[in-house]
Amino acid sequence: AAASRLRGRLRAALDTWLLGRNADRLEYERTYGGLVSAKGRADEHADFGNGYYNDHHFHYGYLLYAAAVVGKTDIGWLEQREAAFLHLV
């Protein structure tokens with residue numbers, strides 16, 4: 001029961017990022033062709049340099065791992081957001 005509640009909270013937190021509902025949404029950066037945070041794009045010191053591609057493998061890896069945790073028991077949710085996760089890879 002506790003694990004199910006935790007996965008529900010994790011699902012909601014991931015949806016905030018994936019659906020652009022947070023204050024610092026992910027944006028496509030055209031120069032190098034990748035995803036960066038809006039605040040990181042505007043300020044090189046924001047988000048640990050995310051707008052300048054600092055540690056993307058590290059930061060987005062957390063999102064991908066969390067998606068795997070949720071998707072293990074909710075494959076429908078994972079399939080609905082597959083395109084969003086593939087953009088992070």
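Attention here is on the structure that accompanies the text. The residue count restarts for each chain, going from 1 along the sequence in the order it is written. In keeping with the predicted nature of the model, local features appear solely for residues at pLDDT of at least 70, side-chain atom pairs appear and are counted solely at 80 or more, and the whole-chain, interface and lining totals rest on all residues. Computation of side-chain values covers all heavy atoms of the structure but excludes hydrogens and water.

### Here we look at the environment of F85
Note that F85 resides in helix 5 (residues 82–88). Along the chain, F85 and L63 lie 22 residues apart, while their C-alpha atoms are 8.4 Å from each other. In this view, F85 contacts L18, L63, L64, A67, W77 and L78; residues no more than four positions away in its chain are not counted. Secondary structure elements follow DSSP: runs of H or I no shorter than four residues count as helices, runs of E no shorter than two count as strands, and numbering proceeds from the N terminus. Only heavy atoms matter for contacts: two residues are in contact if any of them lie within 4.5 Å across the pair.

### Quick look at the side chain of N22
If you trace the backbone, N22 turns up in the loop between helix 1 (2–18) and strand 1 (26–29). Among the residues examined, N22 registers a relative accessible area of 18% and is labelled buried. For N22, the side chain forms a polar contact with the main-chain nitrogen of R25, separated by 3.4 Å. For N22, the contacting residues outside a window of four places in its chain are T16 and W17. Each residue is placed in one exposure class: buried if its accessible area under a 1.4 Å probe, protein chains only, is under 20% of its type's maximum, exposed if it is over 50%, and partly exposed if it falls in between. Side-chain atoms alone can form a polar contact between residues adjacent in sequence; in general such a contact is a pair of N or O atoms within 3.5 Å, and within protein one must be able to donate a hydrogen while the other accepts it.

### Notes on the layout of surface pockets
For each structure, a 1 Å grid was placed over the protein atoms alone; sets of points admitting a 1.4 Å probe that cannot get out are labelled cavities, open sets with protein on both sides within 12 Å along at least five of seven lines are labelled pockets, and lining residues have an atom within 4 Å of a point. Grid points are joined across faces, edges and corners, and a volume is the space filled by probe spheres set on the points. A volume near 230 Å³ is recorded for the largest pocket. Forming the walls of the largest pocket are W17, D24, L26, S37, D47, F48, N50, H59, Y60, Y62 and L63. Grouping the amino acids of the lining of the largest pocket by side-chain chemistry returns 6 nonpolar, 3 polar and 2 charged. When residues are grouped by polarity, Ala, Val, Leu, Ile, Met, Phe, Trp, Tyr, Cys and Pro land in nonpolar, Asp, Glu, Lys and Arg in charged, and all others, Gly among them, in polar.

### Quick notes on the pattern of salt bridges
Salt bridges are defined as contacts in which a side-chain nitrogen from Lys or Arg sits within 4 Å of a carboxyl oxygen from Asp or Glu. All told, the structure shown has 4 salt bridges when counted by the stated rule. A salt bridge links D15 to R81, with the shortest nitrogen-to-oxygen separation between them at 2.5 Å. A residue pair is termed long-range when its members are at least 10 positions apart, and D15 in helix 1 and R81 in the loop between helix 4 (75–80) and helix 5 qualify at 66 residues. Here D15 and R81 have matching classes, each one buried. The residue E27 makes a salt bridge to R25 at a minimum N-O spacing of 2.9 Å. Since its relative accessible area comes to 17%, E27 is described here as buried.

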